Amino acid sequence: MSTTADVHASNQPARIAVIGSGPAGIYASDLLVKSELDVQIDLFEKMPAPFGLIRYGVAPDHPRIKGIVKSLHNVMEKNEIRFLGNIEVGRDITVDEMHEYYDAIIFATGATQDKAMGLPGEELDGSFGSAEFVGFYDGNPNFKREWDLSAESVAVIGVGNVSLDVSRILAKTADELLVTEIPDNVYQSLKDNKAKEVHVFGRRGPAQAKYTPKELKELDESPTIEVIVAPEDIDYDAASEAARRESKSVDLVCQTLESYAMREPGDAPHKIYIHFFESPTEIVGEDGKVVGIRTERTQLDGNGNVTGTGEFTDWPVQAVYRAIGYHPQHVDGVPFDEKKSVIPNDGGHVIDSSTGESIPGLYATGWIKRGPIGLIGNTKSDAKDTTTMLIEDYVSGKLTAADKRDPEAIVNLLESRNVAMTTWEGWGRLDAAERAAGEEFERERVKIVEWEDMIRHAGPQA
Ligand code: NAP
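Predicted model, so just to flag it, every value in this text is computed and none were measured.

A. Molecular detail of the environment of Asp 114. Relative to the helices and strands, Asp 114 is located in strand β5 (residues 113-114). Taking the relative accessible area as the measure of exposure, Asp 114 reaches 21% and is therefore partly exposed. Residues Asp 114 and Tyr 326, spaced 212 residues apart in sequence, show a C-alpha to C-alpha distance of 4.8 Å. Setting aside chain neighbours within four positions, we find Asp 114 in contact with Gly 129, Ser 130, Ala 131, Glu 132, Arg 322, Gly 325, Tyr 326 and His 327. At 2.8 Å, the side chain of Asp 114 and the backbone nitrogen of Ala 131 are in polar contact. At a separation of 3.5 Å, a polar atom in the side chain of Asp 114 contacts the main-chain amide nitrogen of Glu 132.

B. Quick look at the UniProt feature "binding site: NADP(+)" (unreviewed entry) in the protein. The UniProt feature table records "binding site: NADP(+)" (unreviewed entry) at Arg 203, Arg 204, Glu 215 and Gly 374. Residue placement: Arg 203 occurs in the loop between β8 (197-201) and α11 (213-218). Arg 203 sits in the exposed class, given a relative accessible area of 58%. For Arg 203, the residues in contact, after removing those within four places along its chain, are Phe 277, Glu 278, Ser 279, Thr 298 and Val 306. Turning to its location among the elements, Gly 374 is positioned in the loop between α14 (367-370) and α15 (378-395).

C. View of empty space enclosed by the protein. Following the criterion strictly, the structure yields one cavity of 30 Å³ or more and no others. Space inside the largest cavity adds up to approximately 40 Å³. Class assignment of the residues belonging to the lining of the largest cavity gives a composition of seven nonpolar, two polar and one charged.

D. Expanded view of the domain arrangement of the protein. Segmenting the protein into domains produces domain 1 (4-112 + 328-421) and domain 2 (113-326). A C-alpha centroid distance of 34 Å is found between domain 1 and domain 2. Taken over both partners, the interface formed by domain 1 and domain 2 buries close to 1700 Å², and the fraction arising from carbon and sulfur atoms is 53%. Two residues, Arg 168 and Asp 61, come together in a salt bridge whose shortest N-O distance is 2.7 Å. Summed over the shared surface of domain 1 and domain 2, the result is six residue pairs in polar contact (both at pLDDT 80 or more). Mapped by element, the contributors of at least two residues to the side of domain 1 that touches domain 2 are α3 (52-56) and α4 (63-66). The dominant element in the side of domain 1 that touches domain 2, judged by the number of residues it contributes, is α4, at three residues. The class makeup of the residues in the side of domain 1 that touches domain 2 is 11 nonpolar, four polar and four charged.

E. Highlighting the layout of surface pockets. Considering only enclosed or pocket space, the second largest pocket measures out at about 530 Å³ in volume. Along its surface, the second largest pocket is lined by 21 residues, and Lys 66, Val 69, Glu 181, Glu 444 and Arg 445 are the ones closest to its centre. Considering every element that reaches the lining of the second largest pocket, the biggest residue donor is helix α17 (residues 424-439), with four residues. Across the lining of the second largest pocket, the residue classes tally to seven nonpolar, three polar and 11 charged. Looking at which domains feed residues into the lining of the second largest pocket, each of domain 1 (4-112 + 328-421) and domain 2 (113-326) supplies at least three.

Analysis parameters
- What you see as residue numbers is a count from 1 along each chain, following the sequence as written.
- Per-residue local features are limited, in this predicted model, to residues with pLDDT of at least 70; the limit for side-chain atom pairs, both in listing and counting, is 80 or more; totals at the level of whole chains, interfaces and linings are taken over all residues.
- Calculated side-chain values reflect all of the structure's heavy atoms, with hydrogen atoms and water omitted.
- Secondary structure counts use DSSP, requiring at least four H or I residues in a row for a helix and at least two E residues in a row for a strand, with both numbered from the N terminus.
- The cut-offs for exposure are 20% and 50% of the maximum accessible area for each residue type, with area from a 1.4 Å probe on protein chains only; residues under the lower value are buried, those over the upper are exposed, and the others partly exposed.
- Here, two residues are considered to be in contact whenever any of their heavy atoms come within 4.5 Å of each other.
- Any N or O atom pair separated by 3.5 Å or less is treated as a polar contact, with the protein-specific requirement of one donor-capable and one acceptor-capable atom, and with residues adjacent in sequence counted only for side-chain atom pairs.
- UniProt positions are given in the numbering used here, feature names are shortened, and annotations may be inferred rather than shown by experiment.
- With a 1 Å grid laid over protein atoms only, a set of points is called a cavity when a 1.4 Å probe fits there but cannot get out and a pocket when it is open yet has protein on both sides within 12 Å along at least five of seven lines; lining residues have an atom within 4 Å of a point.
- Grid points are joined across faces, edges and corners, and a volume is the space filled by probe spheres set on the points.
- Here the term charged refers only to Asp, Glu, Lys and Arg, the term nonpolar to Ala, Val, Leu, Ile, Met, Phe, Trp, Tyr, Cys and Pro, and the term polar to all other amino acids, Gly among them.
- Where a domain begins and ends is set by an automatic assignment or by a domain database.
- As used here, buried area is the combined drop in accessible area, with a 1.4 Å probe, of two parts when they are placed together.
- The rule for a salt bridge is simple: a side-chain nitrogen of Lys or Arg has to be within 4 Å of a carboxyl oxygen of Asp or Glu.

Structure, rendered in structure tokens:
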């Protein structure tokens, strides 16, 4: 059994698997390619197409953020990186098996599921997790093709950027979104959207909202939307004032919310009400369907937290979207910390929860490492820390070198298991097909949604 120091000394390339082709996985791959190591990277992706969160998490009407895909694309073009799509690690190949083919494995699997809330009534018809809705409107083949948008009044729980995305998509007209890459089935569902009022609930105050200033301002840019904040919901305690002084971003968010609270009512047909100091206590149902949401009024306690006042309000709504944060999918064979919603790690190495020791050859980066918080840019510094640790371990020989070093060996294994692998060239074909579908309607692209159709373009060619 040789170590990676022996491999390094013999000038053979390091064999590294990165799991997840979203920004986290691609930034880590890029840093490894630019490092002192000679590397061969296999970038595994469970979806048939690359780009993770950019393709399946960013709202379609956010072209600025979607534009990051251009720089990710340039990284993927590098010879040292090979894309292997439609492969789920833990299902199609185990982590133990992967050690035979790779010197090191980086998990960059993100967070794609809804965090459980435990609110009474969460199971009712008309109660949705934001991840499900985002999956639907971003054309993720794992989610539904049709969405019930018959509710005229809708509640959205949480005051973070996902809540902004969900509220905006619910309040915009289908035709406003037609310039984006939304798939046809999404456009058809949105055409039947009856929502006139969206009520957003934050359990704390304006200074505790998790919005970023630019995204909050964008909420109000559509001519069909008016954002309304009640003046009595603008309140700050000592901790809130301190937060405003310390963070420009918090202050800008507060200023924007104050401006919404002060202005005269407009006549836009769709209203988004942002309610602060209202903590949801129950989703109210009748005959199994959502008919309302109950909230308890809260008040600041001086430290930026809140306490309940015992004053409850019932809001008549026919649908509730929970936008309270994401939860990662657990990968079989890798430790997982349910409480923190991360793979346990020391800033890069994966840690065995029972012994507290790092597991040789396993690393984590991005949301699966630090939790589902922060913007895409934050992922870059994460990737830097993780890859620096990996390179040090590699060069000093702390890792066992993989036995099966021929790049074709892993492909042969997956083919023997009849996995319909997609490739970077295949993505080129799928990308071209989506762009061609858009051309007819003068749109940049129309996303292809069905799994089989994606594989038909991006998978093995006859
Ligand atoms: P988030 O920023 O953590 O916001 C979650 C919200 O849910 C908070 O307001 C939180 O309130 C609230 N919440 C949590 N548990 C709750 C409960 N039990 N009852 C009531 N409210 C509850 O999460 P996110 O919106 O899912 O966003 C995740 C990350 O993605 C963030 O970093 C975000 O900036 C980023 N993102 C960025 C964009 C963009 O356009 N740039 C778009 C989407 C997402 P408390 O603070 O009181 O806990």
